[in-house]
Amino acid sequence: MHGLELFLLGRALTKIGEQALPRALYHRLPPGVRAIAVDVAEHPDSSVTEIVQRTGYRQSQVSAGLERLRELGVVVTAPDPVDRRRTLARPHPDTEQRVAEHLAEPVDAAVRAAIGTEDPRVIEEVLGALETLSRHLGRAHR
């Protein structure tokens, strides 16, 4: 596998993940605000400048996106205790619990649709591979 194949696989997995998510708040957010929410989840206590650097969005876009996410109760913001001129963003403390309750549905149907088969052996093989990837590349590698 080379870099392009891995990149395309990542995009395919993202699409499957989006299909598996219940139609809720995430799907109603503009893609840029989604990207900011994901960045904050992956990098808690990030400054606006750090989010700008990682996402490539303008400072005004990140600030507006954070404000929208704050109003929705997805993130909390606070002044940086070291440099009060900076604002830090982190997921709302209840977010993980709310997400876990909301996303309890397995991804089987989305995977089945993406691979285009009803063969239980193939589906089980793909789900097993996803579990392995998650175990090795999940939260610990963000």
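A brief look at the structure comes next. (Residues numbered from 1 in each chain as written. Predicted model: local features only at pLDDT ≥ 70, side-chain atom pairs only at ≥ 80, totals over all residues. Heavy atoms only, no water.)

What about the pattern of salt bridges?
Pairs can form between side chains of opposite charge whenever their charged atoms are close. The tally for this structure, following the rule as stated, stands at 7 salt bridges. When the shortest N-O distance is used, the salt bridge between Glu118 and Arg112 registers 3.6 Å. Taking relative accessible area as the criterion, Glu118 reaches 61% and is therefore assigned exposed. Taking relative accessible area as the criterion, Arg112 reaches 26% and is therefore assigned partly exposed. (Salt bridge = Lys/Arg side-chain N within 4 Å of Asp/Glu carboxyl O. Buried < 20%, exposed > 50% of the residue type's maximum accessible area, 1.4 Å probe, protein only.)

A closer look at the side chain of Ser46
With respect to the secondary-structure elements, Ser46 resides in strand 1 (residues 46–47). On the accessibility criterion, Ser46 (4% relative accessible area) is buried. Residues within four places of Ser46 in sequence aside, it is in contact with Ile51, Arg54, Thr87, Leu88 and Ala89. (Helix = DSSP H or I, 4+ residues; strand = E, 2+ residues; numbered from the N terminus. Contact = heavy atoms within 4.5 Å.)

Side note on the sheet that holds strand 3 (residues 87–91)
Across the sheet, which stays open at both edges, the 3 strands sit in the order 1-3-2 with antiparallel pairing between neighbours. Among the strands making up the open sheet, the edge pair consists of strand 1 and strand 2 (75–79). In this structure, strand 2 lies alongside strand 3, joined through 5 bridges in antiparallel fashion. Across the sheet, residue Thr77 finds its bridge partner in strand 3, namely Ala89. (Pairing = 2+ DSSP bridges.)

Describing the nonpolar core
The biggest cluster of nonpolar side chains holds 13 residues, and the ones touching the most others in it are Ile36, Val40, Ile51, Val62, Leu66, Leu69 and Val75. Elements that contribute at least two residues to this core include exactly helix 3 (31–42), helix 4 (48–55) and helix 5 (59–71). Considering every element that reaches this core, the biggest residue donor is helix 3, with 4 residues. Among the nonpolar cores identified, the runner-up in size contains 5 residues, and Ile16, Ala110, Ile123 and Leu127 belong to it. (Core = buried A, V, L, I, M, F, W, Y, C linked by side-chain atoms within 4.5 Å.)

Quick notes on a nonpolar patch on the surface
Residues Met1, Leu6, Leu9, Leu13, Leu133 and Leu137 make up a contiguous nonpolar surface patch of roughly 590 Å² in combined accessible area. Secondary structure elements with two or more residues in the nonpolar patch: helix 1 (3–20) and helix 8 (120–137). Per-element tally for the nonpolar patch: the top contributor is helix 1, with 3 residues. Looking at where Leu6 falls in the secondary structure, it is placed in helix 1. (Patch = residues over 30% accessible without salt bridge, like charges linked within 9 Å, V, L, I, M, F, W, Y side chains within 5 Å. Areas by Shrake-Rupley, 256 points an atom, 1.4 Å probe, with all protein chains shown as cover.)

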